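# A structural walkthrough
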Amino acid sequence: MHQFPRMQRLPPYVFAVVNDLKMELRRKGDDIVDLGMGNPDIPTPRHIVDKLMEAAPKAVNHRYSASRGLPNLRRAITDWYARRYDVDLDPERETVVTIGAKEGLSHLALAMLSPGDVVFVPDPTYPIHTYSAIIAGADVRRIPIGVDRDFFQDLLSATQQTWPQPKLLILSFPHNPTTAVVDLQFFQKIVDFAKEHNIWVIHDLAYADLGFDGYTPPSFLQAEGAKDVGVEFFSMSKSYSMAGWRVGFCSGNPDIVHALTRLKSYLDYGIFQPIQIASIVALNESQDCVQEIVDEYQSRRDSLISGLNRIGWPVQPPKATMFVWAKIPEQFQDMGSVEFSKLLLREAKVAVSPGLGFGHFGDQYVRFALVENRHRTNQAIRGLKKVVR
């Protein structure tokens, strides 16, 4: 059998173990409450869908589109940054549309990295942040992140202990899976650090709107000098509940944006044009729908947190994201996150994501995704009660 070296660097997919068991139980007729994958279930707002339906029948929209994104969409992106964050971007040089943030980040890693380059990523973290670098042939150094850690101090320590010096730092705040949040001062420290050590920065702002209890996530690009050292990705999947539409964008440093734009010109012809047109409407028109989506996630968060604490599984409510990062109860700690997740599937009929799938330092946790309504969430709590108590 042929050996493909790039594939050899990818480990077995941890989540597949739990997913296989979930499907096996469902085939047997079990009703599984799936709080595993962060796959938004809230419908895309109606006015966005209506614009798609208006644009889709027009023959002119059935041709190849622009790989870098329609000019009007790129202008909508820069206007969105100006309104939200008071960040000035050039729509021609400092933003490019991507087929979701995951595609953009993966291809950007291919554009920026060579074998032997060192990349810093948090651990645990969203898997593509790690594996985009690995697929590109780079070497990954993992920086622990958690409630008992000072991430910036760990970053400084890792920099002092690493040779060759890192080329790239990949971040994402609010953070998936730990739900950790930062303020603008943190990003300013990152920018100053990157300049001092000649490191590029990629920030994934997937949960830009999903802040709760008065917390508003900042943009990395708000920090002074951020465009000198890096870029930021945003995905419309969560804020606008457009996960399956696959629309994102990369904005910031013009050299990095140019590299991604050039690579993408070899790889794709852009997103289906009606989707881009609908995305313009999403960014430009009333943002009331975004607040309604955020309110729904906060309501689900409150229901899940209340239920977990009620059954004796103490968890603090996250300030952001669409997840709850829960430390495994003490009596089950020795099982590790994969076996504990399998236990919850078999006994509670609840699917969660094992923390190990996000990195070694996540193995004492599981992640709940807020992708079920309150009725189903309460059903999950009743099942979890049987295990935890």
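Let me sum up the structure you'll find in this document. (Residues numbered from 1 in each chain as written. Predicted model: local features only at pLDDT ≥ 70, side-chain atom pairs only at ≥ 80, totals over all residues. Heavy atoms only, no water.)

### Considering the overall build of the chain
What the chain contains, in helices and strands, is 15 helices and twelve strands. For 389 residues, the compact-globule estimate of 2.2 N^0.38 gives 21 Å, and the C-alpha radius of gyration of the chain, at 21 Å, lies within 12% of that figure. By principal-axis analysis of the C-alpha atoms, the chain measures approximately 60 × 55 × 55 Å. For the chain, the accessible surface area stands at approximately 17,300 Å², while carbon and sulfur atoms represent 51% of it. Separation between the mean location of the 43 positive side-chain charges and that of the 44 negative ones in the chain comes to 6 Å. (Helix = DSSP H or I, 4+ residues; strand = E, 2+ residues; numbered from the N terminus. Rg over C-alpha atoms; globule rule 2.2 N^0.38 Å. Areas by Shrake-Rupley, 256 points an atom, 1.4 Å probe, with all protein chains shown as cover. Lys, Arg positive; Asp, Glu negative; His and termini not counted. Charge placed at Lys NZ, Arg CZ, Asp CG, Glu CD.)

### Brief notes about the packing of helix 2 (residues 14–27) against helix 14 (residues 336–348)
Direction vectors running N to C along helix 2 and helix 14 enclose 15°, while the axes themselves pass 10 Å from each other. Taken together, helix 2 and helix 14 sit at an angle that is classed as roughly parallel. Relative to helix 14, helix 2 is oriented so that their crossing is right-handed. In this structure, helix 2 contributes V14, V17, V18, L21, K22 and L25 to the contact, and helix 14 contributes V338, S341, K342, L345 and R346. Its residues assigned to classes, the contact of helix 2 with helix 14 shows seven nonpolar, one polar and three charged. (Axes fitted to C-alpha atoms, helices over the stretch in contact; angles between N-to-C directions. Parallel < 35°, antiparallel > 145°, perpendicular 65-115°, else oblique. Left-handed = near helix turned anticlockwise from the far one by under 90°. Contact = heavy atoms within 4.5 Å. Nonpolar A, V, L, I, M, F, W, Y, C, P; charged D, E, K, R; others polar.)

### Side note on the pairing of strand 9 (residues 323–327)
For strand 9, the tally of buried residues reaches four of five residues, placing the bulk of the element in the interior. The pairing of strand 9 with strand 12 (residues 365–369) spans five bridges and is classified as antiparallel. The residue bridging A326 from the neighbouring strand is V366, located in strand 12. (Buried < 20%, exposed > 50% of the residue type's maximum accessible area, 1.4 Å probe, protein only. Pairing = 2+ DSSP bridges.)

### Here's the deal with the nonpolar core
Membership of the largest hydrophobic core comes to 95 residues, with the highest contact counts inside it found for Y240, W313, F368 and L384. It is helix 13 (residues 288–310) that provides the largest number of residues to this core, a total of eight residues. Excluding its chain neighbours within four sequence positions, the residues that come into contact with W313 are L308, A326, K327, I328, P329, F340, L344, V366, F368, L384 and V388. The next biggest cluster of nonpolar side chains, apart from the first, holds 21 residues, and it includes V119, A136, A138 and L260. (Core = buried A, V, L, I, M, F, W, Y, C linked by side-chain atoms within 4.5 Å.)

### Section: helix 13
Along its 23 residues, helix 13 runs 33 Å from first to last C-alpha, staying within 8% of the 33 Å computed at 1.5 Å per residue. Taken from the residues just after helix 13, G312 is the one with a positive phi, measuring 95°. (Expected span 1.5 Å × (residues − 1).)

### Observations concerning the side chain of T95
Position of T95 among the secondary structure elements: in strand 2 (residues 95–98). Within the local environment of T95, its side chain forms a polar contact with the backbone oxygen of C250, the two atoms lying 3.4 Å apart. Excluding its chain neighbours within four sequence positions, the residues that come into contact with T95 are R74, I77, T78, D90, F249, C250, S251 and V257. (Polar contact = N/O pair within 3.5 Å; in protein donor to acceptor, adjacent residues only side chain to side chain.)

### Re the pattern of salt bridges
Tallied over the entire structure, the rule returns 22 salt bridges. Between R300 and D41 there is a salt bridge, with its nearest N and O atoms 2.7 Å apart. Within this pair, whereas R300 is found in helix 13, its partner D41 is found in the loop between strand 1 (33–34) and helix 3 (46–55), the two being separated by 259 residues in sequence. Exposure remark for R300: the relative accessible area of 4% places this residue in the buried category. Taking relative accessible area as the criterion, D41 reaches 39% and is therefore assigned partly exposed. A salt bridge links E296 to R300; the nearest nitrogen and oxygen atoms lie 2.9 Å apart. Here E296 and its partner R300 are both found in helix 13, four residues apart, which amounts to about one turn of the helix. It is possible to trace a salt-bridge network through shared partners that takes in D31, E372 and R376. (Salt bridge = Lys/Arg side-chain N within 4 Å of Asp/Glu carboxyl O.)

### Describing the sheet that holds strand 11 (residues 353–354)
With respect to topology, three strands assemble into an open sheet ordered 9-12-11, the strand pairing being antiparallel. Each edge of the sheet is formed by a strand with only one pairing partner; in this case those strands are strand 9 and strand 11.

### Remarks on the packing of aromatic side chains
In this structure the tally under the stated criterion is 20 aromatic pairs. Ring centres of F173 and F186 lie 5.3 Å apart, and the angle between their planes is 75°; on these two criteria the pair is classed as edge-to-face. Of this pair, F173 sits in the loop between strand 5 (168–171) and helix 8 (184–197) while F186 sits in helix 8, placing them 13 residues apart in sequence. We classify F186 as buried; its relative accessible area is 12%. One aromatic cluster is present, formed by W80, Y81, Y85, F234 and F249 through successive ring pairs. Over the ring of F152 we find K189; its NZ or CZ atom is 4.5 Å from the centre of that ring. (Phe/Tyr/Trp six-rings, centres within 6.5 Å; stacked < 30°, edge-to-face > 60°. Lys NZ or Arg CZ within 6 Å of the ring centre and 35° of its normal.)

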